[in-house]
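Analysis of the macromolecular model
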Amino acid sequence: MSSQQRRCVCPGSYDPVTMGHVDVITRAATLYDEVVVAVLHNNSKRGTFTVQERMKLLDMALVAVPNVRIEAFAGRLLVDVCREAGAQAIVKGLRSDTDFAYELPMALMNRHLSGVETVFLPGDPRFGHVSSSLIKEVAAFGGDITGLVPEGVRAALLARLQNPEGS
Ligand code: PNS
């Protein structure tokens, strides 16, 4: 892909990917030539899914979106990830004013550090109550998460809850 092409980064922990993430990434893919989905993680923090599992689940969830590349980065500043990827922007979804309050200082800090802009997309209201942590809590207590995460994620999460040590 040439350097003239418009590229953005959609960063996150994606532990696991939700339909809210899929919506934002899919819409970002209509605005940019290429979307780099950056799985940012801390090697010393154990998540519900390993980074490889998160990437596999993202891969399945985004199979219909051709201009998406999924990559993992450990212990890195997002601005360095953007520079390395040749991305002009970070794209994030906003579900609420609470999200905005959380995201604004990060957007300003990232612009301060490297000049990279953050583009906010309004989250689809259908997924306004959806976050990875809430999904995991609801699923852990037997609640129905159908339609809030891709089907493969739902199956993987239920399997992980039945066998927490499995991989
Ligand atoms: O899915 P999350 O946990 O809300 O994602 C947060 C994430 C990974 C996007 C954020 O923590 C991040 O950008 N981490 C990379 C380290 C970094 O650049 N920190 C300074 C941000 S101003």
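Up top is the structure.
The following refers to the structure shown. (Residues numbered from 1 in each chain as written. Predicted model: local features only at pLDDT ≥ 70, side-chain atom pairs only at ≥ 80, totals over all residues. Heavy atoms only, no water.)

**Looking at the packing of aromatic side chains**
The condition is simple: In this analysis, rings of Phe, Tyr and Trp, with Trp reduced to its six-membered ring, are considered paired at centre separations within 6.5 Å, and the interplanar angle assigns stacked below 30 degrees, edge-to-face beyond 60, and tilted for intermediate values. Runs of H or I in DSSP of at least four residues are treated as helices and runs of E of at least two as strands, each being numbered from the N terminus. The buried label goes to any residue with under 20% of its type's maximum accessible area, the exposed label to any with over 50%, and the partly exposed label to all in between, with areas taken from a 1.4 Å probe on protein chains only.
Under the counting rule described, the total for this entry stands at one aromatic pair. Relative to Phe120, the ring of Phe100 has its centre 6.1 Å away and its plane inclined at 75°; by these criteria the two rings are edge-to-face. Of the two residues, Phe100 sits in helix 4 (residues 97-114) while Phe120 sits in strand 5 (residues 117-122), which places them 20 residues apart along the sequence. A relative accessible area of 37% means that Phe100 is categorised as partly exposed.

**Some thoughts on the side chain of Glu103**
Of note, Glu103 is situated in helix 4. For Glu103, a relative accessible area of 10% corresponds to the buried category.

**Describing a nonpolar patch on the surface**
Counted only if it meets this: Residues enter patches when their relative accessible area tops 30% and they take part in no salt bridge; the joining distance is 9 Å for like charges and 5 Å for the nonpolar side chains Val, Leu, Ile, Met, Phe, Trp and Tyr. Method for areas: the Shrake-Rupley scheme with a 1.4 Å probe, in which residue coverage is limited to the protein chains shown. In what follows, salt bridge is the name for a side-chain nitrogen of Lys or Arg lying within 4 Å of a carboxyl oxygen of Asp or Glu.
Residues Leu77, Met109 and Leu113 make up a contiguous nonpolar surface patch of roughly 280 Å² in combined accessible area. Turning to its location among the elements, Met109 is positioned in helix 4.

**A look at the pattern of salt bridges**
Counted under the stated rule, the structure contains 14 salt bridges. One salt bridge in this structure joins Asp124 and Arg126, with 2.9 Å as the shortest N-O distance. By relative accessible area, which is 57% here, Arg126 ends up exposed. The structure contains a network of salt bridges with shared partners spanning Arg7, Glu34, Arg69 and Glu71.

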